[in-house]
Amino acid sequence: MLLTELMTSLPPSYSLTDSSEWRADVLPQIDAKLRSCIYDSDWLSDAPSPFDVQHRETARFYETNSGVSPTILGQFDPEQPRASIPPDRTFLGLFEKRAVIVGGEVARLWPLRYETALAPRDSGYFAITEGSIFSHLRVQLFYTIGGAVGQAQVLSARMGGSPVIVARLLSQTDWY
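Remember, predicted model here, so these are calculated numbers, not experimental data. (Residues numbered from 1 in each chain as written. Predicted model: local features only at pLDDT ≥ 70, side-chain atom pairs only at ≥ 80, totals over all residues. Heavy atoms only, no water.)

### As for the overall build of the protein chain
Stage number 1. The number of helices and strands found in the protein chain is 3 helices and 8 strands.
Stage number 2. In the protein chain, the succession of α and β elements from N to C terminus is α-β-β-β-α-β-β-β-β-α-β.
Stage number 3. Expected size for 176 residues packed as a compact globule is a radius of gyration near 16 Å; at 15 Å, the protein chain falls within 12% of this value.
Stage number 4. Projected onto the principal axes, the alpha-carbon positions of the protein chain cover approximately 45 × 30 × 30 Å.
Stage number 5. In the protein chain, which comprises 176 residues, the proportion classed as buried is 47%.
Stage number 6. Counting contacts in the protein chain only where the partners sit at least 6 residues apart, residues at least 24 apart contribute 71% of the total. (Helix = DSSP H or I, 4+ residues; strand = E, 2+ residues; numbered from the N terminus. Rg over C-alpha atoms; globule rule 2.2 N^0.38 Å. Buried < 20%, exposed > 50% of the residue type's maximum accessible area, 1.4 Å probe, protein only. Contact = heavy atoms within 4.5 Å.)

### Observations concerning the pattern of salt bridges
Two side chains bearing opposite charge may form a pair once their charged atoms approach each other closely.
Stage number 1. For the structure shown, the criterion picks out 4 salt bridges.
Stage number 2. Salt-bridge contacts for Asp-18 lead to Arg-98; the nearest nitrogen and oxygen are separated by 4.0 Å. Remark: Arg-98 occurs in strand E4 (residues 90–102) and Asp-18 occurs in the loop between helix H1 (3–6) and strand E1 (22–23); sequence separation between them is 80 residues.
Stage number 3. In this structure Asp-18 comes out as partly exposed when scored by relative accessible area, which is 41%.
Stage number 4. Between Glu-63 and Arg-138 there is a salt bridge; the shortest N-O distance is 2.9 Å. Here the residue Glu-63 occupies a position in strand E2 (residues 59–64), and Arg-138 occupies one in strand E7 (residues 136–140), the gap between them amounting to 75 residues. (Salt bridge = Lys/Arg side-chain N within 4 Å of Asp/Glu carboxyl O.)

### Looking at the packing of aromatic side chains
Stage number 1. The full count for this structure, using the stated rule, is 5 aromatic pairs.
Stage number 2. Between Trp-43 and Phe-76, the ring centres sit 6.0 Å apart and the planes meet at 45 degrees, which makes this aromatic pair tilted. Of this pair, Trp-43 sits in the loop between E1 and E2 while Phe-76 is found in the loop between strand E3 (67–68) and helix H2 (80–84), placing the two residues 33 residues apart along the sequence. For the pair Trp-43 and Phe-76, a shared accessibility class is recorded, and that class is buried.
Stage number 3. With a centroid separation of 5.5 Å and an interplanar angle of 10 degrees, the aromatic rings of Phe-61 and Phe-95 are classed as stacked. Within this pair, whereas Phe-61 is found in strand E2, its partner Phe-95 is found in strand E4, the two being separated by 34 residues in sequence. The exposure classification of Phe-61 matches that of Phe-95, with both residues buried. (Phe/Tyr/Trp six-rings, centres within 6.5 Å; stacked < 30°, edge-to-face > 60°.)

### Considerations on the nonpolar core
Stage number 1. Core analysis: the biggest nonpolar cluster contains 17 residues, and Val-53, Phe-61 and Ile-165 have the highest contact counts within it.
Stage number 2. Listing elements by their share of this core, those giving two or more residues are E4, strand E6 (125–130) and strand E8 (164–175).
Stage number 3. A total of 3 residues in this core trace back to one element, the largest contributor, which is E8.
Stage number 4. If you look at the next biggest cluster of nonpolar residues, it comprises 16 residues, including Ala-99, Ile-101, Leu-141 and Val-149. (Core = buried A, V, L, I, M, F, W, Y, C linked by side-chain atoms within 4.5 Å.)

### Digging into the environment of Pro-28
Stage number 1. Checked against the element boundaries, Pro-28 lands in the loop between E1 and E2.
Stage number 2. On the accessibility criterion, Pro-28 (25% relative accessible area) is partly exposed.
Stage number 3. Here the alpha-carbon distance between Pro-28 and Ala-107, two residues 79 residues apart in the chain, equals 7.1 Å.
Stage number 4. Residues contacting Pro-28, with those up to four places away along its chain left out, are Val-53, Gln-54, Val-102 and Ala-107.

### With respect to the pairing of E6
Look at any regular strand and the pattern is simple: side chains alternate between the two faces of the sheet.
Stage number 1. When you tally the buried positions in E6, you get 5 out of 6 residues, the bulk of the element.
Stage number 2. The sheet contact formed by E6 and E8 spans 5 bridges and is antiparallel. Bridging from a neighbouring strand, Ile-128 pairs with Ile-165 of E8.
Stage number 3. Across 5 bridges, the pairing between E6 and E7 is antiparallel. If you follow Glu-130 over to E7, its bridge partner there is His-136.
Stage number 4. Hairpin connection between E6 and E7: a loop of 5 residues separates the two successive antiparallel strands. (Pairing = 2+ DSSP bridges.)

Given below as structure tokens:
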């Protein structure tokens, strides 16, 4: 049995570390949707939504100014985005999904798993949530997972309980 299975309440956000892992006793089904950045491709067509909290492993996803990919579990061909995500005068960011917040509360927290290709000053945590009909909203958060989770909880609560993904930027490239 994992330590996380014994926990019933999340430790205070200031005590969270890169190895912290936690899940709510009852994992919510989150119906929110984000516009996808994948077009004319069946890549990740059966993958979980970025808001999904049912998977156990730390996952990744891609993001452009036009949308967010479904959750990527496990390994994938690094050339796949070129075939599935059309260039659109934007940046293509690969993110590690670290937490999902709903109703101002943490639904799930995954441990850090992937290495970043960015310098520490260029990486960091972001909140990604529903935006307008044209795209999603991305907000830069505090640099540590504890600070980022705390800020995302406030953001979710102030947005009427909207779900928020806390994600760490792993890589970013011009996408033209």
